[in-house]
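Below, each chain spelled out in residue letters.
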Amino acid sequence: MIQLNNINKTYKTSSGLLKAVDAVSVHIEKGEVFGFIGFSGAGKSTLLRCINLLERPDEGGVQVDGEDFTGLSKKELLKQRQKIGMIFQNYNLLQNANVFDNVAFPLEIAHVPKESRREHVEKSLAIVDLSEKARDYPAKLSGGQKQRVAIARAIVTEPKILLCDEPTSALDPQTTQSILEYLKRVNQDLGITVVIVTHEMEAARHVCDRVAVMEHGKLIETVTMSASSSLAQSDLAKMLFVDGGGI
Ligand SMILES: Nc1ncnc2c1ncn2[C@@H]1O[C@H](COP(=O)(O)OP(=O)(O)OP(=O)(O)O)[C@@H](O)[C@H]1O
Ligand SMILES: [Mg+2]
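Residues numbered from 1 in each chain as written. Chains lettered and ligands numbered in written order. Predicted model: local features only at pLDDT ≥ 70, side-chain atom pairs only at ≥ 80, totals over all residues. Heavy atoms only, no water.

S.K.: Lay out the site of ligand 1 with the relevant residues and their values.
M.R.: The full set close to ligand 1 counts 13 residues, and Ser40, Gly41, Lys44, Ser45 and Thr46 are the nearest of them. In the environment of ligand 1, an oxygen atom lies 2.5 Å from a nitrogen or oxygen atom belonging to the side chain of Ser40. In this structure, Ala42 approaches ligand 1 through a main-chain N or O atom, which is 3.1 Å from an oxygen atom. The fraction of the free accessible surface of ligand 1 (630 Å²) that becomes covered by protein chains is 64%. Elements with a minimum of two residues in the shell around ligand 1: β2 (16-28) and α1 (44-51). (Near = heavy atom within 4 Å. Polar contact = N/O pair within 3.5 Å; in protein donor to acceptor, adjacent residues only side chain to side chain. Areas by Shrake-Rupley, 256 points an atom, 1.4 Å probe, with all protein chains shown as cover. Helix = DSSP H or I, 4+ residues; strand = E, 2+ residues; numbered from the N terminus.)

Structure representation (structure tokens):
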């Protein structure tokens, strides 16, 4: 479903060149919940953004659903990107639009006729249990509710993949749990492949089928969560999983 082949990304910084992603290859299966963990600066967000080419790799191939993204024209890429929804730590909601209009926004961008938007928006809001809040503005919502609006907005175009960059980092443990449950629901009920970047081991442990451990731009190990995570090989993965550590 998602195939990353030898992805490399270097940034020019004031102190020289910085290799943010270093020769990473990974295959994410259709229907999987796949996590990326690692310390700050490991390259997790950069790699995630390479999947929908928000960040263009200097080298390497990105295939999504059999389509070679790196070879697409700008116009074709915009179309293909509709297969991929994304959510962020800070929700990125439109403050001047109510919940309904926030969720409807991607449909507007995709030129879905106004008459047929309502049905899609209502369906998405129902999945995150926010039908009652459709007329409220983001300022009136809790952090967890804002993230649920962001999830509804991300799935309204019926994408095949949902990319999540630290979706629960700004939330308390209880709300984190609830957001993870909603992501699991999106995965199981809608069949959407979910890719999560997180610092939180508990998050990884609870929702992910597999977790890739990143360090200094490299993917150092992929751990299957259903098998015992104590099978982790690398010192970093052992520390994160077995010692019950967090980052
Ligand atoms: N646009 C950019 N320009 C220059 N350097 C960048 C840019 N984006 C990221 N970097 C650098 O690339 C490295 C990887 O960054 P990235 O944001 O991917 O890490 P991360 O694993 O997501 O970290 P965090 O857990 O803190 O979010 C870091 O050293 C970062 O400073
Ligand atoms: Mg990041």
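S.K.: Lay out the layout of surface pockets with the relevant residues and their values.
M.R.: Each pocket or cavity is described by its volume, and for the largest pocket that value is around 700 Å³. Surrounding the largest pocket, 19 residues form its lining, Arg81, Ile84, Gly85, Pro106 and Ile109 being those nearest its centre. Among the secondary structure elements, those contributing two or more residues to the lining of the largest pocket are α2 (74-80), β6 (84-88), α3 (99-109) and α5 (143-155). Element by element, the count of residues in the lining of the largest pocket is highest for β6, at 4 residues. Here the lining of the largest pocket is built from residues that sort into 10 nonpolar, 5 polar and 4 charged. Here the second largest pocket defines a volume of roughly 150 Å³. Looking at the lining of the second largest pocket, the elements that each hand over two or more residues are α3 and α4 (114-127). When its residues are assigned to classes, the lining of the second largest pocket shows 2 nonpolar, no polar and 5 charged. (1 Å grid on protein atoms, 1.4 Å probe; cavity = no way out; pocket = protein on both sides within 12 Å on 5 of 7 lines; lining within 4 Å. Points joined across faces, edges and corners; volume = space filled by probe spheres on them. Nonpolar A, V, L, I, M, F, W, Y, C, P; charged D, E, K, R; others polar.)

S.K.: Give a description of the sheet that holds strand β4 (residues 59-64) that names residues and reports values.
M.R.: Strand order in the open sheet formed by 4 strands is β2-β1-β4-β5, and the pairing between neighbours is antiparallel. The open sheet terminates on both sides in strands that have one partner only, identified here as β2 and β5 (67-68). By the bridge criterion, 5 bridges tie strand β1 (residues 2-13) to β4 in an arrangement that is antiparallel. Within β4, the position partnered with Gln3 by the bridge is Gln63. Its contacts with the sheet place α1 against β1, β2 and β4, and it is angled at close to 125° to β1. (Pairing = 2+ DSSP bridges. Contact = heavy atoms within 4.5 Å. Axes fitted to C-alpha atoms, helices over the stretch in contact; angles between N-to-C directions.)

Distances and angles like these do not, on their own, reveal function.
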